[in-house]
Amino acid sequence: LDVNDNAPVFTQDRYIGKVLENKPEGSVVLSVLATDQDAGVNGDISYQLSQAVGQSDSAFVIDPITGEIKLTKPLDFEAAQTHELSVRARDGGGLSAICKVLVEVVDVNDNAPEVVVSSFSSPLPENTVPGTVVALFSVRDRDSGANGKISCALQDQLFFSLRPAYKNYYELVTVSALDREETAQYILSVTAADAGSPPLTSTQTFTVDISDVNDNAPVFNQTSYTMYVRENNVPTAFVGAVSAADADVGLNAKVTYSLAAVAAAERPSCSCISVNAENGHVFVLRPLDYERLRQTEVTVSASDAGSPPLRANVSVRLVVLDENDNAPLVLYPGQESGPAPSELVPVSAEAGYLITKVVAVDADSGQNSWLSYHLLRATEPGLFTVGVQSGEVRLRRPVTDRDSVKQKLVVLVRDNGKPPLSATAALSALLLKDFSDVRLPHGSAATEDQGGSLTTYLIISLVFVSLLFLTSTVLFVARRLCKRKELQAGHVLYGAEHLQPGLADAAAAGTLPRAYCYEISLTTGSGNSEFKFLKPILPSLPPQSCALGQGPEEGQDFPCVPVSTEDMASGNDGTVSAGQFN
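With an unreviewed UniProt entry as reference, the protein chain is termed PCDBD protein, source organism Aegithalos caudatus. UniProt, in the comment section headed Subcellular location (unreviewed entry), describes the protein chain in these words: "Cell membrane".

See the structure below:
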């Protein structure tokens, strides 16, 4: 009978197998085989895996009967490239043998490249010089061999490019000047691809914002501006607006307007224009006169708020439109204060004879300066006609004997404005049979003019003499009144003591029935004075004596002088010469 004296023997001491890492679960990796010379139960072999030290979860399983080693889960080349196993073969009698199994994992391109960004700069100023590093990144692939070889590419290489730095590092750099006004943002895609079959790729996106730099000056929407204003405008009249745009953003795009400073030699003739700094509205500050200023030109500057600020200039031309504010001016015949000039017309002249021509101008322009001439009035309106456009004064019909020698005409000159303005020209015509007697009408006219002037002078002289006489009379009366007041203030009433002794006795005898008061008037430069009889002071008073040296009684204002009736009858009215007084 057989005794279990033979242990199992493997056909190989070491089995080596290869398996792709992407093999699914249950795939057979390899098979082991052991033999036993014993028979019966002693020759029956079973297989089992011995767990390696440190491996708690094995990815393999062995069939105990067939010895096939299978996968219990997918393998990962990146996790473990080889697996080492121990397989034990045991017979029925308890004898066993061990062999080594080495499983090599074959790499499969199952890992896409990875892009790791180390640094990135955004936003980027638009004045960045070419060659500036925008981003620094690295790439890696967990696969091996060709599957782990990586290449990087940039889709848009007009303004940016990739530059290898060292090992698996790359730099994203600028290659040309940037302009925010053309492109404010760049979206860059970097693609990393391995060399596997098929190749795997990964993409990293970089969004680069471009920050603004004040590199654009304001731009006007027109190369020049022409604005119009009517003369005699109201102050601060709005005439138009200028507009400029700046392609920058923020403060770099904020535009302010102003009048550009000019040299003194180039200073415009009118400083009447103002520009609103915020909106560019143009105003005329004061009324303009077309006859003095037809047009003016200024330079408007637009500047932004950047640092340093940029500016642009534009020319603004202001055209003054004419208004009908000037009446026609008659140049011929002259309209001085003297008499109108006389034109000589022979009486034999036929109809249409040119007598004279009225010449006038208008300071306005256009239709406002179109003049028309009309006969306003004349001594013989039917004798003359005036050319509407030319101003020529002609005979309408032949001269007749009934026509006055001197004809006066008034010609109306009117412009074509709205409303029209007009002026008049006065002239005269002398109808003469022969130009040799031209002095007679001129002499008569001169005589008439001189007579009119003489009459005017006489009237002025008469008024002057009358005023002088009236003034003298008033002064004379006033002087007399003043003199009278002065004399009244200097009057002196003398009593009886200043009379002659005879008169005193008569007074004492009581021969005078009434008492009279006399006044002595002394004139300056006079050699004598006289008494003037006034009126009785006390008509009912009885005769009383006034002795010499006796003053007036009590209550009596003036001394009384007795005068006898004989004295009055003899013509002695009491007049006493100045020599009778001391």
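Structure shown, so let's carry the discussion forward.
A. Structural view of the UniProt feature "transmembrane region" (unreviewed entry) in the protein chain. Annotation from UniProt places "transmembrane region" (unreviewed entry) at residues 457-478. Taken as a whole, residues 457-478 contains 100% helix and 0% strand, while its terminal C-alpha atoms sit 32 Å from one another.

B. Representation of the pairing of strand β9 (residues 96-106) in the model. With seven bridges joining them, strand β2 (residues 14-20) and β9 adopt parallel strand pairing. Across the sheet, glycine 17 pairs through a bridge with valine 103, a residue of β9. As judged from the nine bridges shared by strand β8 (residues 82-90) and β9, these two strands associate in the antiparallel manner. The partner of alanine 89 across the bridge, within β9, is alanine 97. Hairpin connection of β8 to β9: five residues between the antiparallel strands, including glycine 94 at a positive phi of 100°.

C. Up close: the pattern of salt bridges. This structure, assessed with the given rule, holds eight salt bridges. Note that glutamate 104 and lysine 18 form a salt bridge whose closest N and O atoms lie 4.0 Å from each other. Of this pair, glutamate 104 sits in strand β9 while lysine 18 sits in strand β2, and the two are 86 residues apart along the sequence. Classification of glutamate 104 as partly exposed rests on a relative accessible area of 26%. Among the ionic pairs, glutamate 181 bridges to arginine 180, the shortest N-O distance being 3.2 Å. The buried category is assigned to arginine 180, whose relative accessible area is 12%. One network of salt bridges, in which partners are shared, links Arg180, Glu181 and Asp212.

D. Highlighting a positive patch on the surface. A grouping of Arg479, Arg480, Lys483 and Arg484 is seen on the molecular surface, where their side chains present a positively charged patch. Structurally, lysine 483 is set in helix α1 (residues 439-489). Taking the relative accessible area as the measure of exposure, lysine 483 reaches 45% and is therefore partly exposed.

E. Structural view of the packing of aromatic side chains. Summed over the entire model, instances satisfying the criterion amount to nine aromatic pairs. Measuring from centroid to centroid gives 6.4 Å for phenylalanine 220 and tyrosine 225, while their planes differ by 75°, and the two rings are edge-to-face. Here phenylalanine 220 and tyrosine 225 have matching classes, each one buried. Among the aromatic residues, those joined into a ring-pair cluster are Phe120, Phe137, Tyr170 and Phe206.

F. Just the side chain of aspartate 415, in detail. Note that aspartate 415 resides in strand β34 (residues 406-415). There is a polar contact of 3.4 Å between the side chain of aspartate 415 and the backbone nitrogen of glycine 417. At a separation of 2.8 Å, a polar atom in the side chain of aspartate 415 contacts the main-chain amide nitrogen of leucine 421. Setting aside residues no more than four positions away along its own chain, aspartate 415 makes contact with Asn324, Asn326, Pro328, Asp362, Asn368, Trp370, Leu371, Pro420 and Leu421.

The rules behind these values
- Residues numbered from 1 in each chain as written.
- Predicted model: local features only at pLDDT ≥ 70, side-chain atom pairs only at ≥ 80, totals over all residues.
- Heavy atoms only, no water.
- UniProt positions renumbered as here; feature names shortened; annotations may be inferred.
- Helix = DSSP H or I, 4+ residues; strand = E, 2+ residues; numbered from the N terminus.
- Pairing = 2+ DSSP bridges.
- Salt bridge = Lys/Arg side-chain N within 4 Å of Asp/Glu carboxyl O.
- Buried < 20%, exposed > 50% of the residue type's maximum accessible area, 1.4 Å probe, protein only.
- Patch = residues over 30% accessible without salt bridge, like charges linked within 9 Å, V, L, I, M, F, W, Y side chains within 5 Å.
- Areas by Shrake-Rupley, 256 points an atom, 1.4 Å probe, with all protein chains shown as cover.
- Lys, Arg positive; Asp, Glu negative; His and termini not counted.
- Charge placed at Lys NZ, Arg CZ, Asp CG, Glu CD.
- Phe/Tyr/Trp six-rings, centres within 6.5 Å; stacked < 30°, edge-to-face > 60°.
- Polar contact = N/O pair within 3.5 Å; in protein donor to acceptor, adjacent residues only side chain to side chain.
- Contact = heavy atoms within 4.5 Å.

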